[in-house]
Amino acid sequence: MTGVMMRDAEIHERQLGLTVAPFAGETPASIVSRIAARNAISPRNLCSDLGLRWPFLCSGYPDQLSGLADVAGLKLANLKQWNPEKIGIGRYRVGLTRSSTGVFRRTATRVCPVCIEQALEKDGRHGAHQLLEWNVMCLHGCEHHKVPLVELPRAGTSHETYDVVAQIARYSDAVKKAADAGPKIAPTAFEVYVRQRITHGPRRDWLGELELSQLHGACLSLGAAICGSPLSSPETTNSDLEREFCAEGLSVLSAGPDSLMVCMEGLKSRPGARRSYFSTDLGPFYSWIRAAHGDAEVKSIVDSVHAFAVRNYTMKPKKRVLGRPVPAVQRMSFETAREQSGLSVGFLKRLISHVDNLSEAPSAALTETTPDQLSRAINFWGGLRNLKSTAVALNVLPTQVKGLIERGILRSIRFGTALRYVLAEDVDRLLAEVAALPELPDVGAFLPLRDHCQNQRIGLVRLITLWREGRVGGFVRGADAIGLQAIYVPQDVDVGVCDTPTATRDLTPLETAAYLKIGVGAIRALRDAGYLGHAKRLNADTNHRHSLITQSSIREFETRFLTLGQLATSARVAPIHLARRLDREGVPTVTCRGRHVRVYERSQVAEHEVVARSISNG
């Protein structure tokens with residue numbers, strides 16, 4: 001019994017005398033493993049002899065670290081700094097920063113093979129060690145030797161895995177092989193940034209609140225989005241690609257929120273086969289932010305993404321983005337705009353292009369709109385009338401509305417189609433001028449506007465134009481009609497020469513009939529029989545082609561033929577009486593494919609002296 005006690009005392013005395021000098025950044029568990037190896041004892045037994053508990057020391061309990069500092073002559077502050085202290089469920093303090101198990105693996109044995117081989121050569125077996133930063137999974141290489149870190153297989157239990165000396169001895173061949181063949185990899189900007197956080201703590205920037213897992217996820221996913229690469233999961237991503245993505249993402253995020261905003265705008269403008277939307281344009285980065293948006297540390301990034309999405313993409317009312325309601329929809333799809341306005345998508349685009357004075361290319365590229373833009377377009381549309389509603393409001397014919405447009409009394413606009421729209425303010429102004437006329441007096445000779453135009457053979461458009469120009473006056477207003485038809489005109493008003501159609505251009509069949517003083521049906525018969533030529537023209541208001549009687553054919557017709565209306569006007573007799581006289585005299589009409597048309601050749605009329613004399617004598 002005494003011999004056993006002596007051996008224990010001797011071992012205890014040797015443990016206190018044989019310690020090790022910690023490496024910079026070495027974990028407390030690694031220090032204990034090395035001390036135990038130098039004293040040829042297991043870490044668990046060493047802790048028992050020193051009054052410590054190996055499982056608790058591996059977990060970094062404060063009293064265990066304090067005891068280790070006392071018996072091994074180490075600085076407690078250094079032990080605390082490089083101890084992976086658990087600060088929450090799945091969260092640890094790593095040096096002077098924080099991380100979760102997504103990036104930090106406390107029970108993993110990751111080592112630099114060159115560091116280990118050099119330490120073994122210098123100190124022997126107890127030179128095997130593990131630095132805290134080697135357990136940060138987003139650091140892939142050694143800062144000093146620029147070789148990839150090697151991860152050794154896990155032992156049977158976690159506490160066996162913490163014994164780094166035993167682990168390295170168990171897999172010494174793999175470590176030596178990696179040290180001899182390890183390729184050179186230079187630290188990326190992201191890895192330098194992470195090491196600075198571990199050693200010196202987070203910077204005072206907008207990323208300062210992020211723990212390492214969040215920082216890694218943000219940089220990795222944003223870098224993948226920038227490079228246009230899908231990202232199924234960090235675990236399945238190639239390490240070279242991961243390092244590239246993280247460096248790319250950090251270059252954007254480290255520059256601040258404005259840099260992230262510019263980057264997201266670039267992702268939005270990038271051409272793609274799928275419909276543009278923030279979830280597709282931001283790709284892996286949005287997938288990460290959607291999963292992490294509930295963490296308080298990522299609030300600043302969530303704010304930027306939320307503001308970007310709301311400002312740049314279409315939103316439906318009561319939409320939520322990243323768990324937050326949209327305060328006010330800033331962009332909407334044309335389908336939503338159609339539902340709100342009741343106007344077709346195509347017409348809305350033309351209307352917006354006109355209101356915002358967009359050229360053809362930007363107009364064709366419109367895929368969405370804004371509430372403000374839609375409001376301007378709807379307000380402008382509310383100030384317009386089509387020709388039919390304008391005719392109803394003025395109580396005139398649509399053709400007369402066109403005449404008022406041509407005379408400049410009403411202004412009109414088009415939106416890329418044949419249809420014309422009249423400004424409602426012009427219509428209201430014209431109606432207000434009518435309403436301002438004096439009421440119809442009990443004395444005096446006045447005729448309603450329509451009757452006066454028929455009696456005086458003056459067009460309504462011309463009479464209204466003369467009135468607006470102040471060339472005629474004395475108009476009054478009656479109470480038995482609406483619109484322009486409420487105007488009463490003095491019978492003795494002088495309107496000048498009556499309107500007479502002229503053949504100074506190609507005429508419609510109706511205009512030709514008025515000019516030649518014959519029915520429009522007869523004009524069509526003459527056209528079909530070849531006496532009058534015609535040409536197809538595009539109707540500016542309907543985009544349909546219609547037939548016009550050509551000016552040259554009318555001139556040629558006049559040199560050879562006379563119509564009954566022309567003869568009757570010249571003779572100052574009723575057409576019916578002149579027609580009977582011509583029939584009695586046997587003056588033949590022209591042949592129009594079986595249709596009877598009262599058109600005569602000038603030579604035939606001249607041969608019958610009675611008819612000619614009656615016409616000349618009147």
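Residues numbered from 1 in each chain as written. Predicted model: local features only at pLDDT ≥ 70, side-chain atom pairs only at ≥ 80, totals over all residues. Heavy atoms only, no water.

Asker: Honestly, the layout of surface pockets in this entry has me stumped. Any pointers?
Answerer: The method is simple in principle: a probe with the dimensions of a water molecule rolls over the atoms, and the space it marks as empty is what remains. If you add up the space inside the second largest pocket, you get close to 400 Å³. Ala24, Leu131, Glu133, Glu143 and His144 are the residues nearest the centre of the second largest pocket, which is lined by 21 residues in total. Examining the composition of the lining of the second largest pocket, we find that six residues originate from one element, helix H11 (residues 189-200), more than from any other. Across the lining of the second largest pocket, the residue classes break down as 11 nonpolar, seven polar and three charged. (1 Å grid on protein atoms, 1.4 Å probe; cavity = no way out; pocket = protein on both sides within 12 Å on 5 of 7 lines; lining within 4 Å. Points joined across faces, edges and corners; volume = space filled by probe spheres on them. Helix = DSSP H or I, 4+ residues; strand = E, 2+ residues; numbered from the N terminus. Nonpolar A, V, L, I, M, F, W, Y, C, P; charged D, E, K, R; others polar.)

Asker: How do you make sense of the nonpolar core when you look at a structure like this?
Answerer: Side chains of nonpolar character tend, in soluble globular proteins, to be buried together. Core analysis: the biggest nonpolar cluster contains 54 residues, and Val136, Val194, Ile301 and Val305 have the highest contact counts within it. Mapped onto this core, the elements with two or more residues apiece are strand E2 (91-94), H11, helix H12 (212-226), helix H13 (239-253), helix H14 (257-269), helix H16 (284-292) and helix H17 (299-312). Setting aside chain neighbours within four positions, we find Val136 in contact with Val94, Val103, Phe104, Arg110, Val194, Ile198 and Leu212. By size, the runner-up hydrophobic cluster in this structure holds 30 residues, among which are Leu394, Leu463, Phe475 and Ile487. (Core = buried A, V, L, I, M, F, W, Y, C linked by side-chain atoms within 4.5 Å. Buried < 20%, exposed > 50% of the residue type's maximum accessible area, 1.4 Å probe, protein only. Contact = heavy atoms within 4.5 Å.)

Asker: Can you help me understand the packing of helix H25 (residues 449-456) against helix H26 (residues 460-468) in this one?
Answerer: Their axes nearest at 10 Å, the elements H25 and H26 cross at an angle of 110°. In this view, H25 runs roughly perpendicular relative to H26, as classed from their interaxial angle. When H25 is examined against H26, the residues Leu449, His452 and Cys453 are found in contact with a partner set consisting of Leu460, Leu463 and Ile464. Taken together, the residues of the contact of H25 with H26 sort by class into five nonpolar, one polar and no charged. (Axes fitted to C-alpha atoms, helices over the stretch in contact; angles between N-to-C directions. Parallel < 35°, antiparallel > 145°, perpendicular 65-115°, else oblique.)

Asker: Any chance you could explain the packing of aromatic side chains here in plain terms?
Answerer: Any aromatic ring pair is given by two values, namely how distant the centres are and how the planes are angled relative to each other. For the structure on display, the rule yields 14 aromatic pairs. When the ring of Tyr531 is compared with that of Phe561, the centres are 5.3 Å apart and the planes differ by 90°; the resulting orientation is edge-to-face. Highlighted residues: Tyr531 in the loop between helix H28 (520-529) and strand E16 (534-538) and Phe561 in strand E18 (residues 561-563), separated in sequence by 30 residues. We classify Tyr531 as partly exposed; its relative accessible area is 23%. Residue Phe561 is classed as buried on the basis of its relative accessible area of 2%. In this structure an aromatic cluster arises from ring pairing among Tyr277, Phe278, Tyr286, Phe308 and Tyr313. (Phe/Tyr/Trp six-rings, centres within 6.5 Å; stacked < 30°, edge-to-face > 60°.)

Asker: Would you take a moment to explain the packing of helix H22 (residues 387-394) against helix H23 (residues 398-406) for this structure?
Answerer: Two measures define how a pair of helices packs: the angle their axes make with one another and the distance between the axes. Their axes nearest at 9 Å, the elements H22 and H23 cross at an angle of 95°. Our classification of the angle between H22 and H23 gives roughly perpendicular. Judged by residue contacts, Leu387, Thr390, Ala391 and Leu394 of H22 engage Pro398, Val401, Lys402, Leu404 and Ile405 from H23. Looking at the contact of H22 with H23 residue by residue, the classes come out as seven nonpolar, one polar and one charged.

Asker: Quick question: what am I supposed to make of empty space enclosed by the protein here?
Answerer: The final tally for this structure, using the stated rule, is three cavities of 30 Å³ or more. Size it by volume and the largest cavity reaches roughly 140 Å³. The wall of the largest cavity is formed by 18 residues, among which Thr27, Ala29, Arg106, Asn135 and Tyr162 lie closest to the centre. For the lining of the largest cavity, the elements supplying multiple residues, two or more each, are helix H2 (28-38), helix H4 (54-58) and helix H8 (158-162).

Asker: Help me out: how do you make sense of the confidence of the model for the protein in this one?
Answerer: Do not read the predicted coordinates in detail wherever pLDDT is low. Put simply, the protein has an average pLDDT of 86, and 91% of its residues get 70 or more. Of all secondary-structure elements in the protein, the lowest mean pLDDT belongs to helix H1 (residues 2-17), at 41, while H11 reaches the highest, 96. Contacts for the low-pLDDT stretch residues 1-16, under 50 throughout, to residues beyond four places or in other chains number 11 contacts. (pLDDT = per-residue confidence, 0-100.)

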